[in-house]
Protein chains: 2
Amino acid sequence: MLLTSACKYGIQATIYLGMQKDDSFVSIKKIAEEFTIPFHFLTKVLQLLTQAGIVESTKGAKGGVRLGKDPDAITLFDIIAVIDGEGIFHDCMLGLPGCGLNTPCPAHEFWAPIRTKYEKSARAISLKDLASDTIRKNLRIGK
Amino acid sequence: MLLTSACKYGIQATIYLGMQKDDSFVSIKKIAEEFTIPFHFLTKVLQLLTQAGIVESTKGAKGGVRLGKDPDAITLFDIIAVIDGEGIFHDCMLGLPGCGLNTPCPAHEFWAPIRTKYEKSARAISLKDLASDTIRKNLRIGK
DNA sequence: TGTAATTAAGACAAAATTGTCCGTTATTTG
DNA sequence: CAAATAACGGACAATTTTGTCTTAATTACA
Ligand code: FES
Ligand code: FES
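S.K.: Looking at this structure, how should I read the pairing of strand E2 (residues 64-67) of chain B?
M.R.: On a regular strand, each side chain points to the face opposite its neighbour's, so the side chains alternate between the two faces of the sheet. Residues and elements named next belong to chain B. Bridge analysis of strand E1 (residues 55-58) against E2 gives 4 bridges, and the strand direction is antiparallel. Looking at the pairing, Ser 57 lines up with Val 65 of E2. Where E1 hands over to E2, the hairpin turn is made up of 5 residues, of which Gly 60 adopts a positive phi near 80°.

So, in structure tokens, the structure goes:
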């Protein structure tokens, strides 16, 4: 499994926020229903993103969440790093400590290029890219 | 996390088996000690590989495990597929059902090429490659 | 033939992830 | 100000993964 469920939910939710026309707040309940994500679980995931500044939130009636930065300034890398950590982008495929620092493991030559491509692409793609693509090509984001 | 711990252990163990000079059986206890893997856990992982024919085992004194096929005929893909399943090579990054069959999700354009490279490389690299590299370049496989 | 070695198999425990519930806090609206 | 709304935060439950332990089955060898 490349991403945890928490991270998948977080990506879906932020893309959805990036797709909004204005900058009004969207309730987490709405997002949870849209994607059939357990509401309270999504709440916690979005709290992580809020603490990281990727999402902004406000309590109370008419409250909810929205992106905390320009969608152009948020990358897929950022979202994954906040929720799952940067491990997937740096760690040894076999779990040995300090990939790249010591002697490589047998999988290094295989894994390092793929991981690099993964990291570069993730840093290169913004939430704006993802959201506008989704609208333009009418991609499937919910179930 | 790309691979489960079970899978990492399985890869380490099979590389180790591929590095053996003759085809005598190596005890699982020996492998577990070599790599500091929980013995009974490794036992179960190797049972999966045994059932799949990648590993051969024999009980009793002088028993143990060895590769069940020519190391040239076992790929990294095979090992991962047996232990973690083929999901990582086929599944939608966001967990939507039927990646590639229906409308793509927003992450598809990002993920599909990386996943393809991952699968192709994993199918292209054999246990013989991994094991001989490890010996030739004196790579670090244990801790 | 009997004993030690070693995998197989299943039950169980611990830890991590995922999911649920409830009370608190803050905000809008009437 | 009161009521409704909605995020926050903590406790707790379910599930999955990881790790441990015990017993059975099989093999080598003295
Ligand atoms: S050392 Fe293992 S992948 Fe780099
Ligand atoms: S449909 Fe999501 S990665 Fe292909």
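There's more to say after this.
S.K.: I'm lost on the pattern of salt bridges in this one. Help?
M.R.: Between side chains of opposite charge, a pair can form when the charged atoms approach closely. Per the stated rule, a full pass over the model turns up 14 salt bridges over all chains. Residue Glu 56 of chain B is joined to Arg 66 of chain B by a salt bridge in which the shortest nitrogen-to-oxygen separation is 2.9 Å. A residue pair is termed long-range when its members are at least 10 positions apart, and Glu 56 of chain B in strand E1 and Arg 66 of chain B in strand E2 qualify at 10 residues. In this structure Glu 56 of chain B comes out as partly exposed when scored by relative accessible area, which is 33%. Overall, Arg 66 of chain B belongs to the partly exposed group, its relative accessible area being 25%. A single network of salt bridges, built from pairs that share partners, joins Glu 109 of chain A together with Asp 133, Arg 136 and Lys 137 of chain B.

S.K.: Please explain the protein's contact with DNA strand D as it appears in this structure.
M.R.: Taken together, 24 residues are adjacent to DNA strand D, and Ile 28, Lys 44, Ser 57 and Ala 61 of chain A together with Ser 5 of chain B come closest. Here DNA strand D approaches the protein such that, of its atoms within 4 Å, sugar and phosphate make up 64%. At 2.8 Å from a base oxygen of DNA strand D is found a main-chain nitrogen or oxygen belonging to Ala 61 of chain A. Taking Ser 5 of chain B, its main chain carries an N or O atom lying 3.0 Å from a phosphate oxygen of DNA strand D. Going through the elements one at a time, helix H3 (39-51) and strand E1 (55-58) of chain A together with helix H1 (5-18) and helix H3 (39-51) of chain B are the ones with two or more residues in the surface near DNA strand D. In terms of residues, the surface near DNA strand D owes the most to one element, H3 of chain B, which gives 3 residues. Of the residues contributing to the surface near DNA strand D, the split by class is 7 nonpolar, 12 polar and 5 charged.

S.K.: How should the interface of chain A and chain B be read in this particular structure?
M.R.: Where interface size is quoted, it is often the accessible area lost as the parts come together. Facing the 41 residues of chain A at the interface are 41 residues of chain B. The largest per-residue losses of area from chain A upon contact with chain B belong to Pro 106, Phe 110 and Arg 140 of chain A, which jointly make up 23% of the total buried on that side. Connecting chain A to chain B are 2 salt bridges. Between Glu 109 of chain B and Lys 137 of chain A there is a salt bridge, with its nearest N and O atoms 2.9 Å apart. Counting every contact that joins chain A to chain B gives 8 residue pairs in polar contact (both at pLDDT 80 or more). Listing elements by their share of the side of chain A that touches chain B, those giving two or more residues are helix H1 (5-18), helix H4 (76-84), helix H6 (108-124) and helix H7 (127-136) of chain A. Residue contributions to the side of chain A that touches chain B peak at 9 residues, all from H6 of chain A. Taken together, the residues of the side of chain A that touches chain B break down into 26 nonpolar, 9 polar and 6 charged.

Cut-off values and rules
- For every chain, the first residue of the written sequence is number 1, and numbering continues from 1 onward in sequence order.
- Labels are handed out in written order, letters beginning with A for the chains and numbers beginning with 1 for the ligands.
- A pLDDT threshold of at least 70 governs which residues receive local features in this predicted model, and a stricter bar of 80 or more applies before side-chain atom pairs are shown or counted, although totals over entire chains, interfaces and linings include all residues.
- To get the side-chain values, all heavy atoms of the structure are used, and hydrogens and water are removed first.
- Following DSSP output, two strands are said to pair if at least two bridges run between them.
- Only DSSP runs of H or I covering at least 4 residues are called helices, and only runs of E covering at least 2 are called strands; the numbering of each starts at the N terminus.
- In what follows, salt bridge is the name for a side-chain nitrogen of Lys or Arg lying within 4 Å of a carboxyl oxygen of Asp or Glu.
- Note on exposure labels: buried denotes an accessible area under 20% of the residue type's maximum, exposed denotes more than 50%, and partly exposed covers the range between, all computed with a 1.4 Å probe on protein chains only.
- The rule for a residue being near a molecule or strand is that one of its heavy atoms must lie within 4 Å of it.
- Two N or O atoms form a polar contact when they lie within 3.5 Å of each other; inside protein one atom must be a possible hydrogen donor and the other a possible acceptor, and for residues adjacent in sequence the pair counts only when both atoms belong to side chains.
- Here the term charged refers only to Asp, Glu, Lys and Arg, the term nonpolar to Ala, Val, Leu, Ile, Met, Phe, Trp, Tyr, Cys and Pro, and the term polar to all other amino acids, Gly among them.
- In this analysis, two residues are considered to be in contact whenever any of their non-hydrogen atoms come within 4.5 Å of each other.
- Buried surface area refers to the total accessible area, computed with a probe of radius 1.4 Å, that the two partners give up upon joining, counted for both partners together.

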